[in-house]
Amino acid sequence: MKVAVLGTTGYTGMLLVRLLAQHEAVSQILPGSSSQGGTPILEMDGGLAPGILEKTGPEGKLLSVEEVAAAKPDVVFSALPHVTSASILKPFFGSSLIIDLSADFRFPDPILFKEVYKEEHPCPDLLEKAVYGLAEVFTEDIQKADLIANPGCYPTATLLPLIPLVRERLIQGFIVVNALSGISGAGRSAKTNNLFCERSENTNAYAPGTTHRHAAEIGQILKRVGGEGDIFFTPHLVPIKQGMAITTVVETVKELSDEELFELYRASYGGRPFIRIRGKKIPETRDVRNSNRCDIGWHREGKRLILFSVIDNLVKGASGQAVQNMNLRLGLPETSGLSPYGEF
């Protein structure tokens, strides 16, 4: 199988290449870059094993988008910036399976997209054809899709513990989400606020309430599965390279026991390799580092329920879930090229 990665030089693109290099069903990798075409891939990422050249070809150079299109890949992953991604993907629509890691196809409504991202969508006619790629929730839709919108890392970690409760109409009132993200979530481009001296020994909230773009993404998916009520979403940057921890506070319509919660989550995620239910044990980001897993725990006080979830924002929150979606769509083992366990 021939697989292309557009935006290879970003964090998610680099990780995609690493994951695809160990994927048994991938025979050829086409590493694309609109800015660094011709650069040797081992120069771009010195952590890659020389064996990568067996899948990229002996020259192992980054390709232009035109070169990637001419090679007619079976699957295209786009790790390009929002709005840019949809425009650059135009040569591949209708001929390749597309898995887009930007936000360009996460909203079926072009008006909502413009409201959130402040720009007109370049391909509004394709929005309703895209499937939201939250792998454990929309599995059947993913298995039939040719355009998959990979979720953001904040929505992935927030939605997975919430959806089983929302589907059963067990939540009432406000949903309060406090989210902590490693700095890699801001991308690889140079920004003063992401410099080591700015982030080390420093933590802060930003874009609170409904102002963060992922609040709208989370809200529309909760409505899709039957949720109601307002979401108060506050993201924070914390001084770690990668990892994401979400604390969500809800009020339930009745007091739920630990046994009822375990049964609820087993019914939703039982047998899925990348979800681990921790119960009353509060999960930590180091538990899932470099894995494609989401760990979920809780704390109960009457009808008040605090949900805890952790993921690696670059793996389950981006590149790993993208590969998981490819596996689901192509009928491959869900774990192909992926591990539910991290590396220390």
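Everything numeric here is computed off the predicted structure, so don't read it as measured data. (Residues numbered from 1 in each chain as written. Predicted model: local features only at pLDDT ≥ 70, side-chain atom pairs only at ≥ 80, totals over all residues. Heavy atoms only, no water.)

Draft legend 1. A look at helix α1 (residues 11-21). The buried fraction of α1 is high, at 8 of 11 residues. Of the positions making up α1, those classed as buried are Thr12, Gly13, Met14, Leu15, Leu16, Val17, Leu19 and Leu20. Next to the buried residues of α1 lie β1 (2-6), β2 (28-32), α2 (41-44), α3 (53-56), β3 (75-78) and α13 (315-330). (Buried < 20%, exposed > 50% of the residue type's maximum accessible area, 1.4 Å probe, protein only. Helix = DSSP H or I, 4+ residues; strand = E, 2+ residues; numbered from the N terminus. Contact = heavy atoms within 4.5 Å.)

Draft legend 2. Structural context of the side chain of Asn292. The residue Asn292 is located in the loop between α12 (285-288) and β12 (294-301) in this model. Taking relative accessible area as the criterion, Asn292 reaches 1% and is therefore assigned buried. Engagement of the side chain of Asn292 in a polar contact is seen with the backbone nitrogen of Gln321, the distance being 3.2 Å. For Asn292, the side chain forms a polar contact with the side chain of Gln324, separated by 3.1 Å. Among residues more than four places away in sequence, those in contact with Asn292 are Phe274, Val315, Lys316, Gly320, Gln321, Gln324, Leu338 and Ser339. (Polar contact = N/O pair within 3.5 Å; in protein donor to acceptor, adjacent residues only side chain to side chain.)

Draft legend 3. Geometry of the nonpolar core. Ranked by internal contacts, the top residues of the largest apolar core, which has 74 residues, are Leu20, Phe77, Ile163, Leu165, Leu222 and Met326. Per-element accounting of this core gives the leading share, 9 residues, to helix α8 (residues 153-167). Aside from chain neighbours lying at most four places away, what touches Ile163 is Leu134, Val137, Ile221, Leu222, Val225 and Tyr269. Residues Leu6, Val68, Phe92 and Leu127 belong to the second largest nonpolar core, which totals 20 residues. (Core = buried A, V, L, I, M, F, W, Y, C linked by side-chain atoms within 4.5 Å.)

Draft legend 4. The arrangement of a nonpolar patch on the surface in detail. A cluster of nonpolar side chains, namely Phe174, Val176, Phe232 and Val249, defines an oily patch on the protein surface of about 330 Å² accessible area. With respect to the element layout, Val249 can be found in strand β10 (residues 244-252). With a relative accessible area of 33%, Val249 lands in the partly exposed category. (Patch = residues over 30% accessible without salt bridge, like charges linked within 9 Å, V, L, I, M, F, W, Y side chains within 5 Å. Areas by Shrake-Rupley, 256 points an atom, 1.4 Å probe, with all protein chains shown as cover. Salt bridge = Lys/Arg side-chain N within 4 Å of Asp/Glu carboxyl O.)

Draft legend 5. Structural detail: the sheet that holds β3. One open sheet accounts for 6 strands, arranged β2-β1-β3-β4-β6-β5; its pairing is parallel. One side of each edge strand has no neighbouring strand; the edge strands of this open sheet are β2 and β5 (131-132). Pairing between strand β4 (residues 97-100) and strand β6 (residues 147-149): 3 bridges, direction parallel. Looking across to β6, one finds that Ile98 is bridged to Leu147. (Pairing = 2+ DSSP bridges.)

Draft legend 6. Just the sheet that holds β10, in detail. If you trace the 7 strands from one edge of the open sheet to the other, you get β8-β9-β7-β10-β13-β12-β11, paired in mixed fashion. Lying at the two open borders of the sheet, with one neighbouring strand each, are β8 (204-205) and β11 (275-279). Set on the sheet, helix α10 (residues 213-224) makes contact with β7 (171-181) and β9 (231-237); between it and β9 the angle comes to about 140°. (Axes fitted to C-alpha atoms, helices over the stretch in contact; angles between N-to-C directions.)

Draft legend 7. Up close: the pattern of salt bridges. A complete count under the given rule lists 15 salt bridges for this structure. Lys280 is the partner of Asp258 in a salt bridge, and the nearest nitrogen-oxygen pair spans 3.7 Å. You can see Asp258 sitting in helix α11 (residues 258-269) and its partner Lys280 sitting in the loop between β11 and α12, a full 22 residues away along the chain. Judged by relative accessible area, which is 11%, Asp258 ranks as buried. Its salt-bridge partner being Arg272, residue Glu334 comes within 2.9 Å of it at the nearest N-O pair. Of this pair, Glu334 sits in the segment after α13 while Arg272 is found in the loop between α11 and β11, placing the two residues 62 residues apart along the sequence. The pair formed by Glu334 and Arg272 is uniform in burial state, with each residue classed as buried. Connected through salt bridges with shared partners, the residues Arg276, Arg278, Asp287, Arg293 and Asp295 form a single ionic network.

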